[in-house]
Structure formats: C-alpha cells, structure tokens
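Chains, contacts and geometry: an overview
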Amino acid sequence: MSELLQGWKRTHRCAEISAADVGQEALMMGWAGTWRNLGSLIFIGLRDRSGVMQVVFDESTLPHEVFESAESIRSEFAIAVRGVLRLRKPEMVNKDMKTGEYELEAKELKILSRAQTPPFYIDDGVNTQEQLRLKYRYLDLRRPRLQQILAARHKIMQITRRYYDGQGFLEIETPVLCKSTPEGARDYLVPSRVHPGEFYALPQSPQQYKQLLMIAGFDRYFQIARCFRDEDLRADRQPEFTQIDIEMSFVDEDDVMTVNEGFIAELLREVKGVEVQLPLRRMTWREAMDRFGSDKPDLRFGLELIDVTNEVRGSGFSVFEGAIEGGGSVRCIRVPGGAEKFSRKRIDELAEFVKTYRAKGLAWLGMKSEGMQCSFAKFLSPAQLAAVIKKAEVETGDIVFFIADANEETVFASLGALRLELGRSLGLVDESRYELLWVTEFPLLEWDEEEGRFMAKHHPFTSPRDEDIELMETDPGKVRAKAYDMVMNGSEIGGGSIRIHSPELQERMFKAIGFSHEAAWKRFGYFMEAFKYGTPPHGGLAFGLDRIVMQLTGTGNIREVIAFPKIQTAACLMTEAPGPVDDKQLNELHIRVDADA
RNA sequence: GGCCCGGUAGUUCAGUUGGUUAGAAUGCCAGCCUGUCACGCUGGAGGUCAGGGGUUCGAGCCCCCUCCGGGUCGCCA
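So, here is what we can say about the structure in this document. (Residues numbered from 1 in each chain as written. Chains lettered and ligands numbered in written order. Predicted model: local features only at pLDDT ≥ 70, side-chain atom pairs only at ≥ 80, totals over all residues. Heavy atoms only, no water.)

Some points on the protein's contact with RNA strand B
- If you check the shell around RNA strand B, you find 49 residues, and the closest are Glu103, Gln131, Gly184, Ala456 and His458.
- Among the atoms of RNA strand B lying within 4 Å of the protein, the sugar-phosphate backbone contributes 55%.
- Asn37 is positioned such that a nitrogen or oxygen atom in its backbone is 2.7 Å from a base nitrogen of RNA strand B.
- Contributing elements (two or more residues each) for the surface near RNA strand B: β1 (25-37), β2 (41-48), β3 (51-58) and α2 (130-135).
- Its residues assigned to classes, the surface near RNA strand B shows 15 nonpolar, 19 polar and 15 charged. (Near = heavy atom within 4 Å. Polar contact = N/O pair within 3.5 Å; in protein donor to acceptor, adjacent residues only side chain to side chain. Helix = DSSP H or I, 4+ residues; strand = E, 2+ residues; numbered from the N terminus. Nonpolar A, V, L, I, M, F, W, Y, C, P; charged D, E, K, R; others polar.)

Spelled out as structure tokens, the structure:
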C-alpha cells in the first residue's frame, strides 16, 4: 500500500550531494531503479532526475519492519529513504557511477507507491521499440538520457529569455486561435460554436501578429511560440513544434543577423562550451546551391559540386545532351581516393539512392591506377573527357559521380543528397564541429507547376532586394529576397526576412503571386489596412527550437526532444489523440461527420 | 498518395529447404545468500509467432489483404 509523506521533507536529490554531506542525515525520494537482495543486505539504486544514489538496508542494524518493507521493493517503486550519507570503503566504490563513492545507509523507509513491473527497462542502454516507449511515455521519460535532453531544452529556453531580454526585446504572447490563411502549409482548424460553420486556425507561425506588433510600436519582440502545421511528419518535423520568434523595427538584414547570431553564439558557449567566431560566414543561396546542391549546406566536409556542363556540351551522349538542351546542367562530385572504395554493387545502390530525388541515373568515372573506368567514356571525345577530368581536378585514385538533368532542381537535389550520403558513409563528417552560416539572397518567388503561378518562397510579406524590385513584373523568377536562413551542420535552424513595409510594394508582391487586389484584401485585409498607419521598416526571424535542441544534444530524432511527441500519423500513442467525440459536442459545434468520405 | 524497412515470451532477439512439443538472454515469481553494483545459486511460470485469408499432408517461414510502427519522396507560404 501507499504510505503518506507525513511531514517527511526531501533534503537532497540523489546525485546532488557533496563531501560536506558525509556523516549527515539525508532524506531522499525517488524510484527504485535497481534492487539487489543479498539476504540480510539490500541495495537499491535510488533514481531521481539528478541521478542515482545507492541505498543500503542492513538487516543487522534495522528494525524488523523496516527491513521487511525494504524486501518488498521492486523496480520503479516510488520510495522515500531517511538515512545517513556515508563514504563507501575504497574497495566498494563504483567508478562507473557519478555518486559511486557514496551511499545512503537507510534508517527509515516509506514506500510511497508500488509499481507494476514496467513494460521495458528504464535504462539508456536499452533499445526498446519506440512504439512501446511512446505508449508509456511517462516511463520512457524517466530514462536519464531523456531527462538530460529536456533539462537541456529548459536551459536553452532560459538562455533565450535572458539573451533577448538583455537585448531589449519584449516577450509578448500572440493568439493560438487565429484566422486561417490558406497560403502555405495546411492549417489545423478549430470549429467555432458561436459562429456556425466557421473555423479558427491554429497558427503556422505568429507571422502577422508579430508584424502588427511592430506597427504597434513594440520595436523588439520575441516569443517562444508553439506553431502548428498539418503536413506529413519527418524525423525532424512534428505537426506542433516550437519556434523562437523574433521581430525588430527600424532595421535591415545586417541588424537582424547580428542580434540573432549573437544568440546562437551564446547558446553554444553556455550549453556546449563552444566558441563561435562572429560574424558568421554568409553565403548566397546561389553559391550554396552551386557548391553544395543545398540551401542548407553541411560545411563539416568537402565533396563540393562541380559544374561540367560546358565540358560535355555537344558530346552526343543523349543523357547529357538532353539535360543541356532542356535548360539543365551536368554536375559532378569528386571523391578523392574513392576509386577503390566503390564496388559496382555500391554504385548501383547510389544510383538507386539518387533516383529517390528524381535523378534518372548516376554516371561515374573511376581513375584507378591501372586505368580509367567510366560509364560514359565511349560517348565522349578524348578531348572532352580530358576537359572533364581537368575541370573536376581528377587525380589517380579518385572516383567522380555525375548527374545530368534538364531540371536544375533535380540536379541539385539529387547531387546534394548524394553528397550528404557520401559524407556520412565515408565518415567524413566531424561530429564534434559546429559549422554555422547564413544563407542569404534567396529567390523571392518560385514557379509552381501545379498552381501555374509564382508562389512566395518564404512568405508573401518578404521584401525583395532593392536592386531587384524592378524585375518583379518583368522577370519575377530572378528577384532575390531580403531573406536569410541560419544553418548549423546542414540543418536549417532558423530563417527570416526583412518584410515589405510599403503598401504599394505589398500590392506588387500580391500581384506577382497572382492575387487580385480583391483576393488579397479578402485574405489579408486587416493586415494591409494596418500598413496604412505608419509602418516601420521591420524584419525578423524564427528559430526552430526543437531542431536547435536536437543539434545541441546530438539526437537525430525530433521525438527525443519533445516531452510528448506525435508519431508519423500525427497521433499520440499515449493519449490516443486524435479521437472521436460525442454527438453532443458535434451538435454544439454544428458539425456533422461524413464517415464514408 | 508513392517507394523502402520492421512487427516471434514482459523486453531484446534467434528460428535452417516449409517438418516432432517455437528457443536463448534478460525480466518476472518463489527459495537461499552480509558488500552487491550485468550480484550469485536453485526452482518455476510465461507465446493469438500483429490480425485475416490462401497454397500445402503440414506454415513463424511461401502468396494476398488488413492493421500497427519507422525512414523517405511528394508536401512543409
């Protein structure tokens, strides 16, 4: 049965003790992680969020009832122990344990709560199916690793508040029940009881509110904001996630980048003890794509892309020719010393791999000491081959992988992914390094085949670069934005832009993405109305808190950094949300469910 | 929506070409044990092989469907 505390007060957490506490009475509470019964001596590994303390029950010195009670302790019982903290004898020290020099010699015991045998061991070393761990998330969270990650997350949030407060930012909350703005990700909708047939949307980000706060004169705003997007999940994407949201007035790109790179530098200093050189390196989007095939390049290793379009032009090799004539390119990656490392089987695997990214195939050239092997040599003249080898700086022992496509995006996507795969599989990524940069000058607009119109790449309030404004009507695809992403080790951890603050320019932007004046006003009327009342030049950015925590704790799975995450189908295995609701609730909301649809 | 991977004691896994009663480790239960820390020793319990259908004399294994979970492409202003 469960015992009551009856005035017992904890004096120490299990691992929060020091030499000065030795010989003193201590009262600890926590969970029995391990239990070893030696007959008339019982050892309990008492665990709380700070760590583990060994507790000893000695039959020879304890009242019978206390020892008998201790004998009943099993895994994960919640217990309270009053005892004396002792130094262990030297031969009994456990060097693998943070508190291995100490133990708590029990005098009194309260079994606060018994536990069923848990469905899996509460231990970092155990690799239980995530499905089961998520169903019993409260047990999973008892594992030291997850406790550490959530403690790190807490620390990061506290540093965030301290840093931005120190820089004169005000933390202001914005609504969670918002108006739906069906441009961009799918919204989560919330039905209105009071307004039959109408819906709120959960925010994809506080974008418009924070801009309105700038119009309202708050100058520097931040918020640790929960955001929602009803899109498919990934290893680094959850339907609800947290962003550190920032907006500033009377600023241009440099101002925003300077303040926010200072934040990341402080985070790395305090959490990882890593000094980051400021200002951060900046790279235009164009350069990032050309060199790394990605707008979030991982700079911890080389294997840069090389453009050999000109070298292979007119070769008669239909794959290359088709790509070039279709307006695309032929690019490659040279793996130094890789000629002997790639079997035909492995090359075939990589060819399959790039097909995931719509590449049609993977050409290759291996410069072995006994001669060159090349999947397309017979199609190229010796002079062209020589030109390719020169451009790619191929040396003996190297292997080069080529991708050609009429669609540049396919070349970049597949070769960029191949670069990451090669870097990982060849062990070229130095996990101890933190490589940060800003990627700048993103395109303002992207052509959308499906919609048959240009769409805002970032969002429709992003400002074009001054020198490109004139292209908005003549060559929209060429317009660059005042947009910037912060990238850490190949992960986009934040992104933002300078916003349009002129109503006239905003109208041109809406026009560029195919919104009529009326359509734009219908959707964003309140927003555009506000812009008529003296809008300061402003801009900001949002960091993905979850991704930052992932980076700083070295986990590749976003579910590890969120206390109660969702699975791939956006469900919660513990609460079984989402679930059906009563007809009464539906009636009140004026909703009828068509289960067959 | 597409592609790929996975689901066998509580847990992690093994399970041969389709062949007797599905195994191991660990956990769990009981007993013994005064320095364990992967405690040890003795004994015991524990299985809808994810579910359904099919092929077969015979299915954990082969085929089909479904469910559950993961990765990924599309998607993510």
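Notes on the pattern of salt bridges
- Here the structure, examined in full by the defined rule, presents 54 salt bridges.
- As a salt-bridge pair, Arg334 and Asp398 come within 2.7 Å of each other at their nearest N and O atoms. Here Asp398 lies in the loop between α11 (382-391) and β16 (399-405) and Arg334 lies in strand β13 (residues 329-335), a separation of 64 residues in the sequence.
- The partner of Arg480 in a salt bridge is Glu467, with the nearest N and O atoms 3.6 Å apart. A residue pair is termed long-range when its members are at least 10 positions apart, and Arg480 in the loop between α13 (471-474) and β20 (483-488) and Glu467 in the loop between β19 (453-456) and α13 qualify at 13 residues.
- The network of salt bridges with common partners includes Glu253, Glu441, Arg465, Glu467, Asp468 and Arg480. (Salt bridge = Lys/Arg side-chain N within 4 Å of Asp/Glu carboxyl O.)

What about the side chain of Asp405?
- With respect to the element layout, Asp405 can be found in strand β16.
- Overall, the relative accessible area of 5% leaves Asp405 in the buried class.
- Only 2.9 Å separates the side chain of Asp405 from the backbone nitrogen of Asn407, close enough to count as a polar contact.
- For Asp405, the contacting residues outside a window of four places in its chain are Ala323, Gly328, Ser329, Arg358, Lys360, Thr410 and Val411. (Buried < 20%, exposed > 50% of the residue type's maximum accessible area, 1.4 Å probe, protein only. Contact = heavy atoms within 4.5 Å.)

Describing the packing of helix α4 (residues 144-166) against helix α16 (residues 545-553)
- Contact geometry of α4 with α16 gives a least axis separation of 10 Å together with a crossing angle of 125°. Looking at the two axes, α4 sits oblique to α16. Helix-helix and strand crossings are classified by hand; for α4 and α16 the assignment is right-handed. Contacts between α4 and α16 involve Arg145, Ile149, Ala152, Arg153, Ile156 and Met157 from the former and Leu545, Asp546, Ile548, Val549, Leu552 and Thr553 from the latter. (Axes fitted to C-alpha atoms, helices over the stretch in contact; angles between N-to-C directions. Parallel < 35°, antiparallel > 145°, perpendicular 65-115°, else oblique. Left-handed = near helix turned anticlockwise from the far one by under 90°.)

Overview of the packing of helix α5 (residues 207-215) against helix α15 (residues 517-530)
- It is the contact of α5 with α15, at a shortest axis distance of 10 Å, that shows an interaxial angle of 20°. Comparing the axis directions of α5 and α15 gives the class roughly parallel. Handedness of the crossing formed by α5 with α15: left-handed. For the pair α5 and α15, the contacting residues are Gln208, Gln211, Leu212 and Ile215 in the first and Phe524, Tyr526, Phe527 and Ala530 in the second.
- Across the contact of α5 with α15, the residue classes break down as six nonpolar, two polar and no charged.

Remarks on the layout of surface pockets
- By volume, the second largest pocket is sized at about 920 Å³.
- Forming the walls of the second largest pocket are 39 residues, and the residues nearest its centre are Arg47, Val52, Ile122, Arg142 and Pro144.
- Those elements that place two or more of their residues in the lining of the second largest pocket are β1, β2, β3 and α4.
- Per-element accounting of the lining of the second largest pocket gives the leading share, seven residues, to α4. (1 Å grid on protein atoms, 1.4 Å probe; cavity = no way out; pocket = protein on both sides within 12 Å on 5 of 7 lines; lining within 4 Å. Points joined across faces, edges and corners; volume = space filled by probe spheres on them.)

Let's talk about the sheet that holds β20
- Here we have eight strands laid out as an open sheet, ordered β6-β9-β10-β22-β21-β20-β17-β11, and mixed in their pairing. What marks the edges here is a single partner per strand, and that holds for β6 (170-171) and β11 (281-284).
- Here β11 runs beside strand β17 (residues 436-440); their pairing, made up of four bridges, is parallel. For Thr284, the partnering residue across the bridge sits in β17 and is Thr440.
- Running over the sheet, helix α6 (residues 253-272) touches β9 (220-228), β10 (240-249), β11, β17, β20, β21 (491-498) and β22 (538-544) and is turned about 15° from β20. (Pairing = 2+ DSSP bridges.)

With respect to the packing of aromatic side chains
- Tallying each qualifying case throughout the model produces 24 aromatic pairs.
- Arranged with centres 5.1 Å apart and planes meeting at 90°, the rings of Tyr163 and Tyr164 form a pair that is edge-to-face. Summarising the burial analysis for this pair, Tyr163 and Tyr164 share the class buried.
- One aromatic cluster is present, formed by Phe461, Phe510, Phe515, Phe524, Tyr526, Phe527 and Phe531 through successive ring pairs.
- For the cation-ring pair, Arg82 lies above Trp8, with the distance from its terminal atom to the ring centre recorded as 4.7 Å.
- It is Lys110 that lies over the ring of Trp8; its NZ or CZ is 5.0 Å from the centre. (Phe/Tyr/Trp six-rings, centres within 6.5 Å; stacked < 30°, edge-to-face > 60°. Lys NZ or Arg CZ within 6 Å of the ring centre and 35° of its normal.)

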